[in-house]
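# Observations on the three-dimensional arrangement
Now for the letters of each chain:
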Amino acid sequence: MSEDIMPLPHFLLMIAAVIMAAALTIWATLSAGVPLVALALIALTGAAVLHLSMRDHEG
């Protein structure tokens, strides 16, 4: 059986891109004057909405 495995350099580049995007988002938000607590509440609300929308509605 052959599995499609992501090459290590691609995986590490993907992780670096996600970290850079998160840092850029936090920097831009704080530069715009949005309090860190508000950013945290927005992130938690988004995570909760995503979690609830992905739930299995069986039984």
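Residues numbered from 1 in each chain as written. Predicted model: local features only at pLDDT ≥ 70, side-chain atom pairs only at ≥ 80, totals over all residues. Heavy atoms only, no water.

### Brief notes about the overall build of the chain
A tally of regular secondary structure across the chain gives 2 helices and 0 strands. Its C-alpha atoms give the chain a radius of gyration of 17 Å, clearly above 10 Å, the size a compact globule of 59 residues would have. A principal-axis box enclosing the C-alpha atoms of the chain has dimensions of 55 × 40 × 10 Å. Roughly 5500 Å² of accessible area belongs to the chain as shown, and the carbon and sulfur atoms make up 75% of that amount. (Helix = DSSP H or I, 4+ residues; strand = E, 2+ residues; numbered from the N terminus. Rg over C-alpha atoms; globule rule 2.2 N^0.38 Å. Areas by Shrake-Rupley, 256 points an atom, 1.4 Å probe, with all protein chains shown as cover.)

### Notes on helix α1 (residues 8-31)
Count 3.6 residues to each turn of an α-helix, and residues three or four apart come out pointing the same way. The first and last C-alpha atoms of α1 sit 34 Å apart over 24 residues, in line with the 34 Å expected at 1.5 Å per residue. Once α1 ends, the next one or two residues include Gly33, with phi positive near 90°. (Expected span 1.5 Å × (residues − 1).)

### Describing the UniProt feature "transmembrane region" (unreviewed entry) in the chain
In the UniProt entry, the feature "transmembrane region" (unreviewed entry) is given for residues 12-30 and 36-54. Across residues 12-30, helical content stands at 100% and strand content at 0%; the span's end C-alpha atoms are separated by 27 Å. Taken end to end, residues 36-54 is 95% helix and 0% strand, and its first and last C-alpha atoms sit 27 Å apart. (UniProt positions renumbered as here; feature names shortened; annotations may be inferred.)

### Quick look at a nonpolar patch on the surface
Taken together, the side chains of Met6, Leu8, Phe11, Leu12, Met14, Ile15, Val18 and Ile19 define a hydrophobic patch exposed on the protein surface, amounting to about 760 Å² of accessible area. Counting through the fold element by element, Leu8 comes out in helix α1. (Patch = residues over 30% accessible without salt bridge, like charges linked within 9 Å, V, L, I, M, F, W, Y side chains within 5 Å. Salt bridge = Lys/Arg side-chain N within 4 Å of Asp/Glu carboxyl O.)

### Here's the deal with the environment of Ile26
Along the chain, Ile26 falls in helix α1. Residue Ile26 is classed as partly exposed on the basis of its relative accessible area, which comes to 39%. Taking C-alpha positions, Ile26 is 24 Å from His10, a pair spaced 16 residues apart along the chain. (Buried < 20%, exposed > 50% of the residue type's maximum accessible area, 1.4 Å probe, protein only.)

### Some points on the side chain of Thr29
By the element assignment, Thr29 lies in helix α1. Looking at Thr29, the relative accessible area reads 17%, which means it is buried. Not counting the four nearest positions on each side in its chain, Thr29 is found in contact with Val34 and Leu39. (Contact = heavy atoms within 4.5 Å.)

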